[in-house]
Amino acid sequence: MNLLYIRNIFTIVVTLLTAIISLNYFVDPGAIYYRSGGNFPDMYAKSLLESDNGLLWSSNIISDRELALGLSSHVESADCVVIGSSSVMQIGTYGEPRSLDGTCNTILNLAVSGGGIADHLILTYLAIKNGPPKKIILGVDAWILANKSESMGSSVKLSSRYSANYEDAQLVILNSIQEDKVSLAKYLNLINLEYTKKSISLLWKWVSGNNSFIGISNVTKKVEVLIGTESAVELPDGSLVYPYAYINTAKEIPIPEDYFYYKNRTGSGSGMLASNTYFIDIYDRILSYIIESGVVPIVVLTPYHENLWKFKDSNIVMSMSKNEEIIRQLGKKLGVSVIGSYNPKNLGCKSNEFYDFQHATRECLSRIKMVEKNKNK
């Protein structure tokens, strides 16, 4: 009886897991499995660049790395290409205030969520291979050169097409291939709860006769970038406008002043670490490769909220300050401009010009170049 019970439980579990895996693989809300090899990312990218006001965007429609891959085929049309994480996703020339005004006439934004050094490597390689543009704007977060291990991340491996360029990028820029353990992230994602919820939601829309999640939806009216619309929008320059609900909520909810809030979000133990010499060397090579390719690299440091900087003696703040110093030293060594700062006071950013402690609004980001202009006078 016990054996039969165990067998039945095992059968139920296996059947359920098989159903979940099949659902996530074929519905594929992030376009990283069944839909990854198709033409949709390229179609979406082309439609975005040709649109007047942008396209509706959601990670349920297309993953940002698939989108960056599609957009990277069109870098020849841009004066500047932006590479980095969500901290620089809003940098663009569409609407007011304009980012990097006076530095870039046109921008193509290739930033991806959680963009790490591997993303910088891949997208720099693709931008120069498919272009090159005149300038590459590199958003270097305070943590990007401070990883605890020498692994360059597994997030890029969630997209087969995107990660296919990883080896080529390493060979061309680093002249070697990093020894890396086989990542199971892509396969474990097939049983991820959040991914399953997205799959169910999209499947329900399809059953209900709503096929918009696999289509391309143009925005019919010009977007007020400081206000937003009901849904997130990818603008024709690849920059992102958040939904107005998110923008308004961020204005209403104050940024926490509790130190442990930041400590728990910037790393365990001692908090954020100072830059790792291994990653500093890799970034040195990335910048050198850009210069050798006849392209001008510009490093942008985006600020963190002033409430985090109130803890001056904390390991987190001391690490951020040290990391900024290291990046500026690297820029000085290579003759690369480093603009912006992790400290909002250096830019004149106000306390209400942040969505959270690490994501500045367009108003704050637009101050980066303005401050640098004033310093050069």
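Before reading on, note that the structure itself is shown above.
Residues numbered from 1 in each chain as written. Predicted model: local features only at pLDDT ≥ 70, side-chain atom pairs only at ≥ 80, totals over all residues. Heavy atoms only, no water.

On to helix H6 (residues 166-174). Among all positions of H6, only Tyr166, Ala169, Gln170, Ile173 and Leu174 are buried. Looking down the long axis of H6, one finds its buried residues gathered within 100 degrees of arc, a one-sided arrangement. Directly beyond the C-terminal end of H6, a positive phi value near 60 degrees is found at asparagine 175. (Buried < 20%, exposed > 50% of the residue type's maximum accessible area, 1.4 Å probe, protein only. Helix = DSSP H or I, 4+ residues; strand = E, 2+ residues; numbered from the N terminus. Arc of directions from axis to C-beta.)

Once that is clear, we can look at the pairing of strand E2 (residues 80-83). Because side chains alternate across E2, one face comprises the buried residues Cys80 and Val82, and the other comprises Val81 and Ile83, equally buried. Bridge count for E2 against strand E4 (residues 135-139) is 4 bridges, and the pairing is parallel. In the strand pairing of E4, valine 82 is matched with isoleucine 137. (Pairing = 2+ DSSP bridges.)

Within a pair of aromatic rings, the relevant descriptors are the distance that separates the centres and the angle that separates the planes. All told, the structure shown has 9 aromatic pairs when counted by the stated rule. One aromatic cluster in this structure is built from Tyr259, Tyr262, Tyr304, Phe311, Tyr342 and Phe357. (Phe/Tyr/Trp six-rings, centres within 6.5 Å; stacked < 30°, edge-to-face > 60°.)

Below, the discussion takes up the pattern of salt bridges. One pass over the structure, following the stated rule, counts 9 salt bridges. Among the salt bridges present, the one from lysine 310 reaches glutamate 257, with a minimum N-O distance of 3.8 Å. Taken together, the residues span a long stretch of sequence, with lysine 310 in the loop between helix H12 (306-309) and helix H13 (315-334) and glutamate 257 in the loop between helix H9 (244-252) and helix H10 (259-266) at a distance of 53 residues. Overall, the relative accessible area of 46% leaves lysine 310 in the partly exposed class. By relative accessible area, which is 54% here, glutamate 257 ends up exposed. One salt bridge in this structure joins lysine 333 and aspartate 284, with 2.5 Å as the shortest N-O distance. On the criterion of sequence distance, the pair formed by lysine 333 in helix H13 and aspartate 284 in helix H11 (residues 277-292) is long-range, its members being 49 residues apart. Judged by its relative accessible area of 58%, lysine 333 falls in the exposed class. Connected through shared salt-bridge partners, Asp64, Arg65 and Asp119 make up one network. (Salt bridge = Lys/Arg side-chain N within 4 Å of Asp/Glu carboxyl O.)

On the surface, a nonpolar cluster with roughly 840 Å² of combined accessible area is contributed by Tyr5, Ile6, Ile9, Ile12, Val13, Leu17, Ile21, Leu188 and Ile191. A total of 7 residues in the nonpolar patch trace back to one element, the largest contributor, which is helix H1 (residues 2-27). Within the secondary structure layout, isoleucine 191 lies in the loop between helix H7 (185-188) and helix H8 (193-207). (Patch = residues over 30% accessible without salt bridge, like charges linked within 9 Å, V, L, I, M, F, W, Y side chains within 5 Å. Areas by Shrake-Rupley, 256 points an atom, 1.4 Å probe, with all protein chains shown as cover.)

In this section: the environment of arginine 367. The topology assignment puts arginine 367 in helix H15 (residues 367-375). You can call arginine 367 partly exposed: its relative accessible area is 21%. Spatially, the C-alpha atom of arginine 367 lies 6.3 Å from that of leucine 347, the residues being 20 residues apart in sequence. Residues in contact with arginine 367, not counting those within four places in the same chain, are Leu347, Gly348, Cys349, Lys350 and Glu353. (Contact = heavy atoms within 4.5 Å.)

Over the atoms a probe the size of a water molecule is rolled, and this reveals where empty space is left. On inspection of all chains with the given rule, the structure shows 2 cavities of 30 Å³ or more. Around the largest cavity sit Asp64, Leu67, Ala68, Leu71, Met89, Asn109, Leu110, Ala111, Glu234 and Gly238, which together line it. Ranked by residues supplied to the lining of the largest cavity, first place goes to helix H3 (residues 64-71) with 4 residues. Tallied by class, residues from the lining of the largest cavity come to 6 nonpolar, 2 polar and 2 charged. Of the pockets and cavities examined, the second largest cavity occupies roughly 40 Å³. Lining the second largest cavity, in full, are Val140, Leu145, Tyr283, Leu287, Val299, Ile327, Leu330, Gly331 and Val338. Elements represented by at least two residues in the lining of the second largest cavity include exactly H11 and H13. (1 Å grid on protein atoms, 1.4 Å probe; cavity = no way out; pocket = protein on both sides within 12 Å on 5 of 7 lines; lining within 4 Å. Points joined across faces, edges and corners; volume = space filled by probe spheres on them. Nonpolar A, V, L, I, M, F, W, Y, C, P; charged D, E, K, R; others polar.)

Here we come to the nonpolar core. Membership of the largest hydrophobic core comes to 93 residues, with the highest contact counts inside it found for Val140, Tyr283 and Tyr342. Among the elements that line this core, the one with the most residues is helix H4 (residues 117-130), at 9 residues. Sequence-distant contacts of tyrosine 283, that is, excluding residues within four places in its chain, are made with Ile117, His120, Leu138, Val140, Leu145 and Leu330. Judged by nonpolar contacts, the second largest core, of 7 residues, contains Tyr94, Val219, Val225 and Val233. (Core = buried A, V, L, I, M, F, W, Y, C linked by side-chain atoms within 4.5 Å.)

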